[in-house]
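Per-entry structural report
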Amino acid sequence: KKIVALYLSGYTDCSFTQFAEVVLEDFGVRISDMTLHRWLKEELVVSPLSKKRTKKACKLLIRERMRKPDLTREESEAVAGVSYILDDEFAHPTRPRSKYFGEMVQMDASEYRWVEGCPKWHLHAAIDDATGELVGAWFDQQETLCGYYHVLEMILLRYGIPAKFYTDRRTVFEYERKGKKDEEKDTFTQFSACCRELGIDILVTSVSQAKGRVEKLNQTLQHRLPVELRRHGVDSMDKANAFLRDTYIGKFNERFSLLVPEDKASSVFQECPSAEKINQTLAVVSGRSVDQGNCIRYDRRRFFPYDKDGKRASVRPGTRALVIKAFDGSLFLNVNDVIYALEETLERETHSLDFDQEKPKAALSERKRHIPPLTHPWKMSFHEQARKGKGDDYVE
């Protein structure tokens, strides 16, 4: 009775198998999902993952119970208050799994209200097609380039470089909008260029059934993950991402992954690049022009270019340049294949030589700054990148 009451009080969105795991973890009581199914069936409750036949049988029992002539008021309210899910079955065509671990990774984002009281978030997730291993997951407000970059970073650090991504036809992977393109959102030259540099192929499809592994993964996560977030007191996106990274992905793979030592031995994941290489590759590149004050405007702020010795660089006004935002947020400037560091200009001085006695901290111009070498996505010719951003009317 206590177990049934617990399920009805706060776990009706939980499958019977998962709820049995919750009872074992929280109370140390081992119970089979079939026993739980029998107990809850008496209360006219079915699992949210039940088949259509089971739900139909439950509806018949409810109707029979309602027709009883001696039905009390309490029994009538209990029957009327029973909740059950009548969603349609998901039909995915059967397709053989890939042969090797890392041969194909399916990626997608799922919009859902993962935490009660919070707005809907997009969970970016990636699953290995051969083993069902959840290789990366990240929450963001929308389906964004930043979200997929975090998933890719997780894959690179944990496993290495996969051979292929299979995704839907989103602008994060393809960008064909007519008219003026937003360079920072023109992700065909962002995420795709990043994958091209790492040697990862990208296949896209507009048919959701074609990538059934990740669609099924989204369905499973929508049923299980909100329960786990609620149990662990997660109430913000930052906590949710930390919970995914540190706890849930490992727990999920222990329960559902088919990965065995033989798969690891035959894995086609390539060696993980260095942290510096990852930081440079997962970058966002956008074109800008140097203004009359020798500055670059970016993200509604103004920046000065500096060389590796910390000296302010002098660039002719009107010169086209590329602003590179590395994965860690560092900003650099590519001017004719020369890389400079960017430092934000101040609207007002923070120290007065005449009225302040404390010695100011060393300015950027007084110290050296590490500037990475010219590598992708910066090694492409400056003029070629500028043409992509300006179109056919660009003049060198």
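Here, every reference points to the structure presented above.
About the criteria used
Residues numbered from 1 in each chain as written. Predicted model: local features only at pLDDT ≥ 70, side-chain atom pairs only at ≥ 80, totals over all residues. Heavy atoms only, no water. Axes fitted to C-alpha atoms, helices over the stretch in contact; angles between N-to-C directions. Helix = DSSP H or I, 4+ residues; strand = E, 2+ residues; numbered from the N terminus. Parallel < 35°, antiparallel > 145°, perpendicular 65-115°, else oblique. Left-handed = near helix turned anticlockwise from the far one by under 90°. Contact = heavy atoms within 4.5 Å. Nonpolar A, V, L, I, M, F, W, Y, C, P; charged D, E, K, R; others polar. Pairing = 2+ DSSP bridges.

One can describe the packing of helix 2 (residues 16-27) onto helix 8 (residues 212-231) by two numbers: an axis separation of 11 Å at closest approach and a directional angle of 20°. By the angle between their axes, helix 2 is roughly parallel relative to helix 8. As helix 2 packs across helix 8, the resulting crossing turns out to be right-handed. Taken together, the residues of helix 8 that come into contact with helix 2 (itself represented by Gln18, Glu21, Val22, Glu25 and Asp26) are His223, Arg224, Val227, Glu228 and Arg231.

What follows covers the packing of helix 8 against helix 9 (residues 237-256). Here helix 8 crosses helix 9 at 120°, and the two axes come no closer than 11 Å. In terms of axis orientation, helix 8 runs oblique to helix 9. Helix 9 is crossed by helix 8, and the crossing has right-handed handedness. Taken together, the residues of helix 9 that come into contact with helix 8 (itself represented by Leu217, Thr220, Leu221, Arg224, Leu225, Glu228, Leu229 and Arg231) are Ala240, Phe243, Leu244, Tyr248, Lys251, Phe252, Arg255 and Phe256. Here the contact of helix 8 with helix 9 is built from residues that sort into ten nonpolar, one polar and five charged.

With that out of the way, let us pick up the sheet that holds strand 5 (residues 201-205). Read from one edge to the other, the open sheet built from five strands follows the order 3-2-1-4-5, with strand pairing classed as mixed. The open sheet terminates on both sides in strands that have one partner only, identified here as strand 3 (134-140) and strand 5. Each neighbouring strand pair of the sheet contributes to a mean axis angle of 20°, computed without reference to strand direction. In this fold helix 6 (residues 145-158) packs onto strand 1 (105-112), strand 2 (121-128), strand 3 and strand 4 (164-168), with an angle of close to 150° to the strand it touches most, strand 3. Helix-sheet contacts for helix 8 involve strand 1, strand 2 and strand 3, and the interaxial angle to strand 1 is about 45°.

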